[in-house]
Amino acid sequence: MKITHVEVHRIDVPPADPPFRWREGLSGSAPAGDGAVLRIGTDEGAEGVALFARPGAAATLRDLVDRVFREELVGQDPFRREWIWHRVWELDRIHELPLPTLGLIDTALWDLAGRVGDQPVWQLLGGFRDSIPAYASTSTFASTEEFLHVADQCLELGYRGIKLHAWGDARRDAALCRALREHVGPDIPLMYDGSAGFDLPDAIHLGKALAEADYLWYEEPMREFSVTAYRRLAEHVAVPLLVAETSDGAHMNSADFIQAGAATFGVRTGTTLRGGITGAMRTAHLADAFRLRAEVHGSDIPNHHLCMAISNTTYYESLVTATTVVRERHVDDQGLVHAPTGPGIALPLDYGYGPELQRFVEQPR
């Protein structure tokens, strides 16, 4: 079997309704935009797809396919995922590929393999579980009162834990984290994500408050450029650190955080920022060797599969962006996400697709 065509299909990405925001200094939810689907096909009719839904995705991906990827892929065996994964990283050395594009080819080839084998990708990866608890991962709300109201709704809907994305003010955020712990009591798992909003002194101040409030993990308080800064943070705070989400280099970079003693809870993994399915599994296995967690980042469908395949992950991340909470469709009333059953990976229902992509779209339960 040989790859014969590599295509980009533009799709409309609708805006969030209602719009939401992140911490001070970051853009909020994106307006309507041009997303894309990468479609890889073969001389025997087997095909696989991968979604790229970030703003400007269609133009970015079309340029990369026309200029770099198509020439590299046509004529290759689609089951040589390992070789192709390494080849993409070689190409990155010259082309400086945008981080989310490093895993698109790999994800599409895993989708193709699952469809050929008539199995969900999580089963191809070995399969570890058929359900996992979900936590509610908030966007940023206007006040402590709004956060507490959202937390009440999330718990009533069955979510098993809550992660805060707050304002990016170390002292105000610390007060919110204490208030949430007091509000929900000692038994609800709570996490905090700083979205890289702090320098080291403020990260230490907030980390001490999180430790006092018994938060499960402290995620990305600083930009992940300096492993040394994270090592120093780990030396000063007792709350466990979850690191290496946005840093480049997949498992190679995650290894430096672990070696430095900065990954005291574990590392982030996922298809979008860790080089597709292959890079995500490398990262998870690396963390497992050190008896650390590899928490899957994001709630898209490829990461849904990863949650079922990785032994050392704890939760499925489910984004909650409105003060009136609606439970994500993949999460049941017990706060569980169940394993996909269709072949391959699948495209989400959320977007409009042309007829040529309909057979790749997930089937609602």
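What counts, and at which threshold
- In every chain, residue numbers begin from 1 and rise along the written sequence.
- A pLDDT threshold of at least 70 governs which residues receive local features in this predicted model, and a stricter bar of 80 or more applies before side-chain atom pairs are shown or counted, although totals over entire chains, interfaces and linings include all residues.
- Computation of side-chain values: all heavy atoms of the structure, hydrogens and water removed.
- Only runs of H or I of at least four residues qualify as helices and only runs of E of at least two qualify as strands under DSSP, and these elements are numbered from the N terminus.
- How far a helix is expected to stretch is found by multiplying one less than its residue total by 1.5 Å.
- Exposed residues in this analysis have more than 50% of their type's maximum accessible area, buried residues have under 20%, and partly exposed residues fall in between, with area computed by a 1.4 Å probe over protein chains only.
- Note that the arc is computed from the directions linking the helix axis to the C-beta atoms.
- What makes two residues a contact is simply this: any of their non-hydrogen atoms within 4.5 Å.
- Angles shown run from 0 to 180 degrees and are taken between the N-to-C directions of axes, each axis being a line fitted to C-alpha atoms and, for helices, limited to the stretch in contact.
- For this classification, under 35 degrees means roughly parallel, over 145 means roughly antiparallel, 65 to 115 means roughly perpendicular, and everything else is oblique.
- Should the near helix be turned anticlockwise from the far one by less than a right angle, the crossing is left-handed, and should it be turned clockwise, the crossing is right-handed.
- The nonpolar class holds Ala, Val, Leu, Ile, Met, Phe, Trp, Tyr, Cys and Pro. Asp, Glu, Lys and Arg form the charged class, and all remaining residues, Gly among them, are polar.
- UniProt positions are given in the numbering used here, feature names are shortened, and annotations may be inferred rather than shown by experiment.
- Pairing of aromatic side chains requires ring centres within 6.5 Å, counting the rings of Phe and Tyr and the six-membered ring of Trp. Pairs whose planes differ by under 30 degrees are stacked, by over 60 edge-to-face, and all others tilted.
- A ring is considered to have a charge above it if a Lys NZ or an Arg CZ atom is located within 6 Å of its centre and within 35 degrees of its normal.
- The salt bridge definition used is simple: a Lys or Arg side-chain nitrogen within 4 Å of an Asp or Glu carboxyl oxygen.
- DSSP bridges decide pairing: two strands pair if at least two such bridges lie between them.
- Classification remark: right-handed applies to a crossover when, strands pointing away from the viewer, the course from the first strand over the helix to the second runs clockwise.

Regarding helix 6 (residues 170–184)
Residues spaced three or four apart along an α-helix point in a common direction, a consequence of the helix completing one turn every 3.6 residues.
Point 1. Under the 1.5 Å per step criterion, the end-to-end length of helix 6 is 21 Å for 15 residues, consistent within 8% with the ideal 21 Å.
Point 2. Every buried residue of helix 6 is accounted for by Ala170, Asp173, Ala174, Leu176, Cys177, Leu180, Arg181 and Val184. The buried residues of helix 6 occupy an angular sector of 160 degrees when projected down its axis, which confines them to one face. Exposed side chains of helix 6 directed beyond 90 degrees from the buried face belong to Arg171 and Glu182.
Point 3. Next to the buried residues of helix 6 lie helix 5 (144–156), strand 5 (162–165), strand 6 (190–193) and helix 7 (200–212).
Point 4. Where helix 6 ends, the next residue or the one after it, Gly185, has phi of about 90 degrees, a positive value.

Here's the deal with the packing of helix 1 (residues 57–73) against helix 2 (residues 81–95)
Point 1. Between helix 1 and helix 2, the least distance of the axes is 12 Å, while the angle of their chain directions is 150 degrees. One finds that helix 1 runs roughly antiparallel with respect to helix 2. Between helix 1 and helix 2 lies a crossing whose hand is right-handed. Where helix 1 abuts helix 2, its residues Arg67, Val68, Phe69, Glu72 and Leu73 lie against Ile84, Arg87, Leu91 and His95.
Point 2. Class assignment of the residues belonging to the contact of helix 1 with helix 2 gives a composition of five nonpolar, one polar and three charged.

Focus on the UniProt feature "domain: Mandelate racemase/muconate lactonizing enzyme C-terminal" (unreviewed entry) in the protein
Point 1. Mapped onto the present numbering, the UniProt feature "domain: Mandelate racemase/muconate lactonizing enzyme C-terminal" (unreviewed entry) falls on residues 144–240.
Point 2. The span residues 144–240 is 53% helix and 11% strand, and its two end C-alpha atoms sit 24 Å from each other.

Observations concerning the packing of aromatic side chains
Point 1. Here the structure, examined in full by the defined rule, presents ten aromatic pairs.
Point 2. Aromatic side chains Tyr135 and Trp217 sit 5.7 Å apart centroid to centroid with 85 degrees between the ring planes, which places their arrangement in the edge-to-face category. Pair noted here: Tyr135 is in strand 4 (residues 131–138) and Trp217 is in strand 7 (residues 217–219), with a separation of 82 residues, a long-range link. Across the pair, exposure class does not vary: Tyr135 and Trp217 are buried alike.
Point 3. For the pair Tyr230 and Phe257, a centre-to-centre distance of 5.6 Å together with 70 degrees between the ring planes defines the contact as edge-to-face. With Tyr230 in helix 8 (residues 227–236) and Phe257 in helix 9 (residues 250–259), the pair connects residues that are 27 residues apart, well separated along the chain.
Point 4. Overall, the relative accessible area of 0% leaves Tyr230 in the buried class.
Point 5. Taking relative accessible area as the criterion, Phe257 reaches 0% and is therefore assigned buried.
Point 6. Put simply, the rings of Tyr135, Trp217, Phe265 and Tyr315 pair up and form one aromatic cluster.
Point 7. In this arrangement the basic side chain of Arg81 is found over the ring face of Trp110, its NZ or CZ atom lying 3.9 Å from the centre.
Point 8. Here the guanidinium or amino end of Arg172 rests over the ring plane of Trp167, the centre of that ring lying 3.6 Å away.

A short note on the pattern of salt bridges
Point 1. Tallying each qualifying case throughout the model produces 21 salt bridges.
Point 2. In this structure, the salt-bridge partner of Arg10 is Asp34, at a minimum N-O distance of 2.7 Å. With a gap of 24 residues between them, Arg10 in strand 1 (residues 3–13) and Asp34 in strand 2 (residues 33–42) connect regions that are remote in the sequence.
Point 3. Residue Arg10 is classed as partly exposed on the basis of its relative accessible area of 41%.
Point 4. For Arg39, the salt bridge identified is with Glu47, shortest N-O distance 3.0 Å.
Point 5. On the basis of relative accessibility, which here comes to 12%, the residue Arg39 falls in the buried class.
Point 6. On the basis of relative accessibility, which here comes to 11%, the residue Glu47 falls in the buried class.
Point 7. In this structure, a network of salt bridges that share partners links the residues Lys163, Asp193, Glu219, Glu245, Arg268 and Glu317.

Concerning the pairing of strand 9 (residues 266–269)
Point 1. Sheet analysis places strand 8 (residues 241–243) next to strand 9, joined by two bridges and oriented parallel. Within strand 9, the position partnered with Val243 by the bridge is Val267.
Point 2. Summarising the sheet, strand 9 and strand 10 (residues 293–296) pair through four bridges and their orientation is parallel. Across the sheet, residue Val267 finds its bridge partner in strand 10, namely Ala294.
Point 3. Considered for its hand, the β-α-β crossover made up of strand 9, helix 10 (residues 276–289) and strand 10 is right-handed.

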